[in-house]
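Secondary and tertiary structure notes
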Amino acid sequence: MSGALSGIKVLDLTRVLAGPWAGQLLADLGAEVIKVERPGSGDDTRQWAPPSLPDGTAAYYLAANRGKQSLTVDITQPAGQEIVRQLAAQADVLLENYKVGGLKKYGLDYDSLRAINPRLVYCAITGFGQTGPYAQLPGYDYIVQGMSGLMSITGPADGEPHKVGVAVTDLFTGLYAANAIQAALLARYRTGEGQYIDMALFDCSLAMLANVNMNWLVGGEVPPRLGNAHPNIVPYQVFRTAGDSHFILACGNDKQFRTVCELIGQPELAADPRFATNPQRVRYRELLVPQLAEAFLARGRDEWLKLLDAAGVPCGPINTVDEAFADPQIQHRQMAIHLPDAAGQSVPQVACPIKMSGTPPQYKAAPPKLGEHTDAVLTSLGYSAEAIAQLKASATV
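Residues numbered from 1 in each chain as written. Predicted model: local features only at pLDDT ≥ 70, side-chain atom pairs only at ≥ 80, totals over all residues. Heavy atoms only, no water.

All right, on to the overall build of the protein chain then. Secondary structure summary: the protein chain contains 17 helices and 11 strands in total. Summarising its shape, the C-alpha atoms of the protein chain cover approximately 85 × 50 × 40 Å along the three principal directions. The buried share of the protein chain, taken over its 397 residues, is 44%. Taking as baseline every contact in the protein chain between residues at least 6 positions apart, the subset at least 24 positions apart corresponds to 66%. With an accessible surface of roughly 19600 Å², the protein chain has 56% of that area assigned to carbon and sulfur atoms. For the protein chain, the centre of its 32 positive side-chain charges and the centre of its 38 negative side-chain charges are spaced 3 Å apart. (Helix = DSSP H or I, 4+ residues; strand = E, 2+ residues; numbered from the N terminus. Buried < 20%, exposed > 50% of the residue type's maximum accessible area, 1.4 Å probe, protein only. Contact = heavy atoms within 4.5 Å. Areas by Shrake-Rupley, 256 points an atom, 1.4 Å probe, with all protein chains shown as cover. Lys, Arg positive; Asp, Glu negative; His and termini not counted. Charge placed at Lys NZ, Arg CZ, Asp CG, Glu CD.)

A few words now on the sheet that holds strand S4 (residues 93-96). Strand pairing in a sheet relies on backbone hydrogen bonds, with the paired strands running either antiparallel or parallel. Ordered in space as S3-S2-S1-S4-S5-S6, the six strands form an open sheet in which the pairing is parallel. Two strands bound the open sheet, and with one partner strand each, they are strand S3 (68-72) and strand S6 (196-200). Neighbour to neighbour, the strand axes of the sheet diverge by 20° on average, direction disregarded. Relative to the sheet, helix H6 (residues 168-191) contacts S4, strand S5 (121-126) and S6, its axis offset from that of S6 by approximately 165°. (Pairing = 2+ DSSP bridges. Axes fitted to C-alpha atoms, helices over the stretch in contact; angles between N-to-C directions.)

When you line up the elements, Thr-14 lands in the loop between strand S1 (9-13) and helix H1 (18-28). You can call Thr-14 buried: its relative accessible area is 1%. Within the local environment of Thr-14, its side chain forms a polar contact with the side chain of Asp-12, the two groups lying 2.4 Å apart. Contacts of Thr-14, omitting those with residues within four sequence positions, involve Gly-19, Pro-20, Lys-35, Asp-43, Leu-95, Glu-96 and Asn-97. (Polar contact = N/O pair within 3.5 Å; in protein donor to acceptor, adjacent residues only side chain to side chain.)

Of all five residues in S1, four are buried; the element is thus mostly enclosed. Note: S1 against strand S2 (residues 32-37), four bridges, orientation parallel. Within the sheet, the bridge partner assigned to Asp-12 lies in S2 and is Lys-35. Assessed by its sense of winding, the connection that carries the chain from S1 through H1 to S2 is right-handed. With four bridges joining them, S1 and S4 adopt parallel strand pairing. Note on S4: the bridge partner recorded for Val-10 is Val-93. (Right-handed = clockwise from strand over helix to strand, strands pointing away.)

Moving on to the environment of Pro-314. Counting through the fold element by element, Pro-314 comes out in the loop between helix H13 (301-310) and strand S9 (315-317). Considered as a pair, Pro-314 and Gly-102 are 212 residues apart in the sequence and their alpha carbons are 49 Å apart. Beyond its immediate sequence surroundings of up to four residues, Pro-314 is in contact with Ile-248, Leu-249, Ala-250 and Gln-256.

On to the sheet that holds strand S7 (residues 236-240), then. Taking strand neighbours across the sheet as the criterion, the three strands line up as S7-S8-S9 in an open arrangement whose pairing is antiparallel. On the outer flanks of this sheet lie S7 and S9, each paired with one strand and no other. Each strand axis lies, on average, 25° off the axis of its neighbour in the sheet, ignoring direction. Summarising the sheet, S7 and strand S8 (residues 246-250) pair through five bridges and their orientation is antiparallel. Each bridged residue has a counterpart across the sheet, and for Gln-237 the counterpart in S8 is Leu-249. Of the strands in this sheet, S7 and S8 are in contact with helix H12 (residues 285-296), which crosses S7 at around 40°.

Moving on, we come to H12. Its 12 residues place the ends of H12 16 Å apart at the C-alpha level, agreeing with the 16 Å of an ideal helix rising 1.5 Å per residue. Among all positions of H12, only Arg-285, Leu-288, Val-289, Leu-292, Ala-295 and Phe-296 are buried. Buried residues of H12, seen end-on, are gathered within an arc of 125° and therefore sit on one face of the element. Turned more than 90 degrees away from the buried face of H12 sit Glu-286 and Glu-294, all of them exposed. Elements that come into contact with the buried residues of H12 comprise S7, S8, helix H9 (254-263), helix H10 (268-271), helix H11 (278-283) and H13. (Expected span 1.5 Å × (residues − 1). Arc of directions from axis to C-beta.)

Moving on, we get to the pattern of salt bridges. A complete count under the given rule lists 17 salt bridges for this structure. Here Lys-369 and Asp-55 are joined by a salt bridge, their closest N and O atoms 2.2 Å apart. Linking Lys-369 in the loop between strand S11 (346-350) and helix H16 (374-380) with Asp-55 in the loop between S2 and helix H2 (59-62), this pair joins segments that are 314 residues apart in sequence. Judged by its relative accessible area of 42%, Asp-55 is partly exposed. Put simply, Asp-272 and Arg-274 hold a salt bridge, and the shortest N to O gap is 2.8 Å. For Asp-272, a relative accessible area of 18% puts it in the buried group. One network of salt bridges, with partners in common, ties together Asp-55, Asp-341 and Lys-369. (Salt bridge = Lys/Arg side-chain N within 4 Å of Asp/Glu carboxyl O.)

These figures come from the coordinates and say nothing about function on their own.
Spelled out as structure tokens, the structure:
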């Protein structure tokens, strides 16, 4: 069965996370993705360990490079630049995350490659975009989380700002980039022309604040840091129970709130004008939440979850990562998979979460070894065995 993007060729010049994340999604959806890496070292994340496989490949690298071919090329050498140009001439998509203008000196910028392939969709990912006063600054997920406002709303209300536990700015940028690339490919079917895509971590991190952004734009008040609480819904947060366990209560409407009040034996709370509607509960959260917190200490976590679930009130446990993988729903959805690598070694992977009936994601190969496909890719471009040997001798590949 062909993937949804079968026949699409992607040249992936990115490293670390945002770009590779976009490239991996395109590969899962059926595209042929050639990852261009530095000879000898490759993507920085190959060494971001522990943990790692027995051969030393870091788990971090394994998270974002499934289904790709690895080609080593030194793009600072003219012969290396020529290899990339030949691949770009055949490609549908080029992904890169070099500093602004970083590829122009090698003749690998959009204008140079568009001249040889007008149908090329060229996606550049940077920290702050191709324009503006910060364009030349390097982009780091952690710093962008701080600059975009994300950290200002993350963490305990009475503590310091926290970053999210995973590099969400990188990941969201990768997802936005993959969507933009597919939109550009669809546009190309109508126009016959490729286009340039300018993706910035800063832009994406700000955009993903969603309702928090709109709270500021509409209400004019700076959104506070609320810990595990929700800015627009109450009660919608973590509560401690007997035995010092915790659970999440996601009470999304007034009917559910009335049910909660009945379960904790305090139906009068739902009749109180200060708490009867969600806007009122948001306004008086500091009065309501301590009463709920005290009530939830009467029973253990699992007992509350059972009662709330039976009553139709959204709730859930706070799992560790191992508990999440052990969850029967995750196991049923087959989110943990294993793929063989070139050495026959079984490599663990987290499955693509997209479920499609006609063109489901494809898992063509485990993340590649450094330079695993160099000979095959160069041969496909017409290089002879002797020419490939010369390129290796000069450390071009």
